[in-house]
Amino acid sequence: MTTYPVHAQQSRRQDAPQQSAEGAVERRGRRVLVSSVSSDSHTWNLVFLQLLLEEMGHEVTNIGSCVPDELLIEECRRVRPELVVISSVNGHGALDGARAVRRLRDQPDLRDVRVVIGGKLGVTGAGAGTYGPELLSAGFDAVFEDAAGVAEFRRYLSESSTPAIAAASGAR
């Protein structure tokens, strides 16, 4: 597995649900916005991510598939997420994701939102290399390529220190 350094995370806590003195469960997770890239019509990956994140104690807004960049920006302003998770299944994640994150980073009020991307990021397959460095340069805080699986993503969400980014084996 190839790893890449991650931009320093801001100090946001992500704890498991806590029980209050009255016995009610309080969530201490992040407010997370889940989306696909504009050309990706797959939805099961988004449902999986939503359920995974909710199971970990996060509050999730899933804005669905084929999300145009402008809608992503509007929803980020409406929801005010602490984390944006972008998923790609069709292999256009590197192209569409880089454009989307640049547009987000161009917005002064959204510049500091943490944004990660994962899934099948290119059409040439895992053997062709990794898109991690390019996507980090475009503005993503972390990149999770499909060959890495979900464990690195879970680790990223649960660690308070700066983790490594999981990528497919074999850097470009």
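In what follows, the structure referred to is the one given above.
Values in this document were obtained by computation on a predicted structure and should not be read as measured data.

Quick notes on the packing of helix α1 (residues 44-55) against helix α5 (residues 151-158)
Contact geometry of α1 with α5 gives a least axis separation of 12 Å together with a crossing angle of 40°. By the criterion of interaxial angle, the relationship of α1 to α5 is oblique. The crossing of α1 and α5 is right-handed. Between α1 and α5, the residues in contact are Leu 49, Leu 52, Leu 53 and Glu 55 and Phe 153, Arg 154 and Leu 157, respectively. A breakdown of the residues in the contact of α1 with α5 according to their chemical character gives five nonpolar, no polar and two charged.

Observations regarding empty space enclosed by the protein
One pass over the structure, following the stated rule, counts one cavity of 30 Å³ or more. In this structure, the largest cavity spans a volume of roughly 50 Å³. Around the largest cavity, the lining residues are Ser 35, Ser 36, Val 37, Ser 38, Val 67, Pro 68, Asp 69, Leu 72, Ile 86, Asp 96 and Ala 100. Mapped by element, the contributors of at least two residues to the lining of the largest cavity are β4 (31-36), α2 (69-79) and α3 (93-105). Residue composition of the lining of the largest cavity, grouped by class: six nonpolar, three polar and two charged.

Regarding the packing of aromatic side chains
Overall, the coordinates contain two aromatic pairs when judged by the stated rule. When the centroid spacing of 5.4 Å and the interplanar angle of 80° are considered together, the rings of Phe 144 and Phe 153 count as edge-to-face. We classify Phe 153 as buried; its relative accessible area is 5%. Seen from their ring centres, Phe 144 and Tyr 156 are 5.4 Å apart, and the 70° between their planes marks the pair as edge-to-face. Taken together, the residues Phe 144 in strand β8 (residues 142-145) and Tyr 156 in helix α5 connect sequence positions twelve residues apart. Each member of the pair, Phe 144 together with Tyr 156, is buried. Taken together, the ring pairs in this structure connect Phe 144, Phe 153 and Tyr 156 into an aromatic cluster.

Conventions adopted
Residues numbered from 1 in each chain as written. Predicted model: local features only at pLDDT ≥ 70, side-chain atom pairs only at ≥ 80, totals over all residues. Heavy atoms only, no water. Axes fitted to C-alpha atoms, helices over the stretch in contact; angles between N-to-C directions. Helix = DSSP H or I, 4+ residues; strand = E, 2+ residues; numbered from the N terminus. Parallel < 35°, antiparallel > 145°, perpendicular 65-115°, else oblique. Left-handed = near helix turned anticlockwise from the far one by under 90°. Contact = heavy atoms within 4.5 Å. Nonpolar A, V, L, I, M, F, W, Y, C, P; charged D, E, K, R; others polar. 1 Å grid on protein atoms, 1.4 Å probe; cavity = no way out; pocket = protein on both sides within 12 Å on 5 of 7 lines; lining within 4 Å. Points joined across faces, edges and corners; volume = space filled by probe spheres on them. Phe/Tyr/Trp six-rings, centres within 6.5 Å; stacked < 30°, edge-to-face > 60°. Buried < 20%, exposed > 50% of the residue type's maximum accessible area, 1.4 Å probe, protein only.

Scope: geometric values only; no functional claims are made or implied.
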